[in-house]
Amino acid sequence: MLQIEIDNGSGFCFGVTTAIQKAEEELAKGNTLYCLGDIVHNGMECERLRQMGLITINHDDMRQLHNVKVLLRAHGEPPATYALARQNNIEIIDATCPVVLQLQRRIKKQYESGDGQIVIFGKKGHAEVLGLVGQTQTTAIVIESFEEVKKLDFSRDIYLYSQTTKSLDEFHRIIDYIQSHILPEATFKSFDTICRSVANRMPNISQFATRHDLILFVCGRKSSNGKVLFNECLRVNANTHLIEGPDEIEPAWLKGMETVGICGATSTPKWLMEQCRDAINAFH
């Protein structure tokens with residue numbers, strides 16, 4: 001008998017849950033609601049909310065809108081977005097994650113305090129990172145990986161922050177490198193701004209992946225956090241497959257398997273993992 005386990009620690013993080021609840025509350029009132037960017041990096045959850053009436057827009061669309069309600073998702077937005085809302089009389093429903101909001105404020109305060117390089121370890125062009133860089137009049141330096149740390153000016157002060165969903169291990173490697181290369185006359189400060197509800201998933205998902213013969217990692221292919229967690233599963237269990245939904249499950253993967261683990265990213269809805277479990281059961 002094939003055993004299937006859904007990982008309890010997988011599924012929406014607090015920030016995403018709150019954003020979706022806010023969207024559902026507004027839509028339940030019968031209001032027209034726009035969302036700036038995909039509310040979550042998961043196509044199937046976006047489609048479910050679209051059917052409820054949520055209209056996803058981009059920044060260009062927002063410039064054309066007046067006197068409407070726009071939801072800002074958990075990733076956060078730069079100050080320019082709030083300025084545009086005031087200009088166009090748009091009511092903002094702000095679902096920026098509290099962890100991201102606190103990070104934006106810290107970076108803004110640092111920027112306003114004077115010189116030095118504000119460095120953000122994060123994915124260039126990612127919504128959260130654009131919101132963070134926006135706090136510095138776009139002067140912050142974004143480094144995507146350990147390799148890019150070498151391009152910093154080690155004769156000037158460095159203030160290092162991280163996108164909330166990045167790898168803790170890589171962040172510490174970057175810190176070690178800067179500490180050993182910064183010149184004596186320059187100041188270096190690092191701020192660990194990685195979200196613990198996400199960082200703690202790494203060891204948990206790693207343990208989960210070792211317990212099963214086959215791992216199905218359910219996640220939208222656009223999710224940054226999903227890529228990190230999927231690679232961790234793959235590292236400890238070579239028999240790991242990334243799927244966006246139940247339609248991508250290959251029956252051949254199940255042959256000879258005794259246990260299947262289903263897990264996902266902070267942007268993966270529980271109902272989608274349950275659908276994958278049901279699809280596996282339907283094969284038997």
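As shown above, the structure is provided for reference.
How each quantity is defined
- Residues numbered from 1 in each chain as written.
- Predicted model: local features only at pLDDT ≥ 70, side-chain atom pairs only at ≥ 80, totals over all residues.
- Heavy atoms only, no water.
- Core = buried A, V, L, I, M, F, W, Y, C linked by side-chain atoms within 4.5 Å.
- Buried < 20%, exposed > 50% of the residue type's maximum accessible area, 1.4 Å probe, protein only.
- Helix = DSSP H or I, 4+ residues; strand = E, 2+ residues; numbered from the N terminus.
- Salt bridge = Lys/Arg side-chain N within 4 Å of Asp/Glu carboxyl O.
- Phe/Tyr/Trp six-rings, centres within 6.5 Å; stacked < 30°, edge-to-face > 60°.
- Axes fitted to C-alpha atoms, helices over the stretch in contact; angles between N-to-C directions.
- Parallel < 35°, antiparallel > 145°, perpendicular 65-115°, else oblique.
- Left-handed = near helix turned anticlockwise from the far one by under 90°.
- Contact = heavy atoms within 4.5 Å.
- Nonpolar A, V, L, I, M, F, W, Y, C, P; charged D, E, K, R; others polar.
- Polar contact = N/O pair within 3.5 Å; in protein donor to acceptor, adjacent residues only side chain to side chain.
- Pairing = 2+ DSSP bridges.
- Right-handed = clockwise from strand over helix to strand, strands pointing away.

### Digging into the nonpolar core
Side chains of nonpolar character tend, in soluble globular proteins, to be buried together.
In step 1: Ranked by internal contacts, the top residues of the largest apolar core, which has 19 residues, are V149, L152, I158, L160, I174, I178 and F188.
In step 2: At the level of elements, β6 (117–121), β8 (158–162) and α7 (168–181) are the ones that each hand at least two residues to this core.
In step 3: Of the residues forming this core, the biggest block, five residues, is contributed by α7.
In step 4: Listed in part, the 16 residues of the second largest apolar core include A23, L27, C35 and A95.

### Looking at the pattern of salt bridges
In step 1: For the coordinates displayed, the defined rule picks out 17 salt bridges.
In step 2: Close ionic contact of R211 with E5 constitutes a salt bridge, the shortest N to O distance being 3.0 Å. Of this pair, R211 sits in the loop between α9 (201–210) and β10 (214–218) while E5 is found in strand β1 (residues 3–6), placing the two residues 206 residues apart along the sequence.
In step 3: Here R211 falls in the partly exposed class, since its relative accessible area comes to 48%.

### As for the packing of aromatic side chains
In step 1: Using the criterion set out here, one finds five aromatic pairs in the structure.
In step 2: Summarising the aromatic geometry, the rings of F121 and F171 are spaced 6.3 Å apart at their centres and angled 15° between planes, so their arrangement reads as stacked. Highlighted residues: F121 in strand β6 and F171 in helix α7, separated in sequence by 50 residues. The burial state of F121 is the same as that of F171; both residues are buried.
In step 3: Taking 6.0 Å as the distance between ring centres and 55° as the angle between the ring planes, the aromatic pair formed by F217 and F230 counts as tilted. Of this pair, F217 sits in strand β10 while F230 sits in helix α10 (residues 224–236); the two residues are 13 residues apart in sequence, bridging distant segments of the chain. Of the two residues, F217 and F230, both sit in the buried class.

### Re the packing of helix α2 (residues 43–52) against helix α11 (residues 270–283)
In step 1: Packing of α2 against α11 brings their axes to within 9 Å, and their N-to-C directions diverge by 115°. When the axes of α2 and α11 are compared, the pair comes out roughly perpendicular. Classified by chirality, the crossing of α11 by α2 is right-handed. Every residue of α11 that contacts α2 at M44, E45 and R48 is listed here: W271, L272 and Q275.
In step 2: A per-class count over the contact of α2 with α11 returns three nonpolar, one polar and two charged.

### Remarks on the packing of helix α1 (residues 14–28) against α2
In step 1: Interaxial distance between α1 and α2 falls to 10 Å at its minimum, and their mutual angle equals 20°. In terms of axis orientation, α1 runs roughly parallel to α2. Two packed elements cross with a definite hand, and for α1 against α2 that hand is left-handed. Contacts from I20, E24 and L27 in α1 reach E45, R48, L49 and M52 in α2.
In step 2: Along the lines of polarity and charge, the residues of the contact of α1 with α2 split into four nonpolar, no polar and three charged.

### A closer look at the side chain of N237
In step 1: In this fold, N237 is placed in the loop between α10 and β11 (240–243).
In step 2: Engagement of the side chain of N237 in a polar contact is seen with the backbone oxygen of A209, the distance being 2.9 Å.
In step 3: Leaving out residues up to four positions away in the same chain, N237 has contacts with A209, H212, D213 and I215.

### With respect to the pairing of strand β2 (residues 33–36)
In step 1: The side-chain alternation of β2 yields two buried faces, one formed by L33 and C35 and the other by Y34 and L36.
In step 2: In terms of strand pairing, β2 meets strand β3 (residues 54–57) through four bridges, oriented parallel. Across the sheet, residue L33 finds its bridge partner in β3, namely L54.
In step 3: In terms of handedness, the path from β2 via α2 over to β3 forms a crossover that is right-handed.

### Brief notes about the sheet that holds strand β4 (residues 69–72)
In step 1: With parallel pairing, four strands are arranged side by side in an open sheet as β3-β2-β4-β5. Lying at the two open borders of the sheet, with one neighbouring strand each, are β3 and β5 (91–94). Shown here is a sheet whose adjacent strand axes are inclined to one another by a mean of 35°, direction ignored.
In step 2: Both β2 and β4 contribute to a ladder of three bridges, which runs parallel. Bridging from a neighbouring strand, C35 pairs with L71 of β4.
In step 3: Relative to the sheet, α1 contacts β2, β3, β4 and β5, its axis offset from that of β4 by approximately 165°.

Geometric descriptors of this kind do not, in isolation, establish any biological role.
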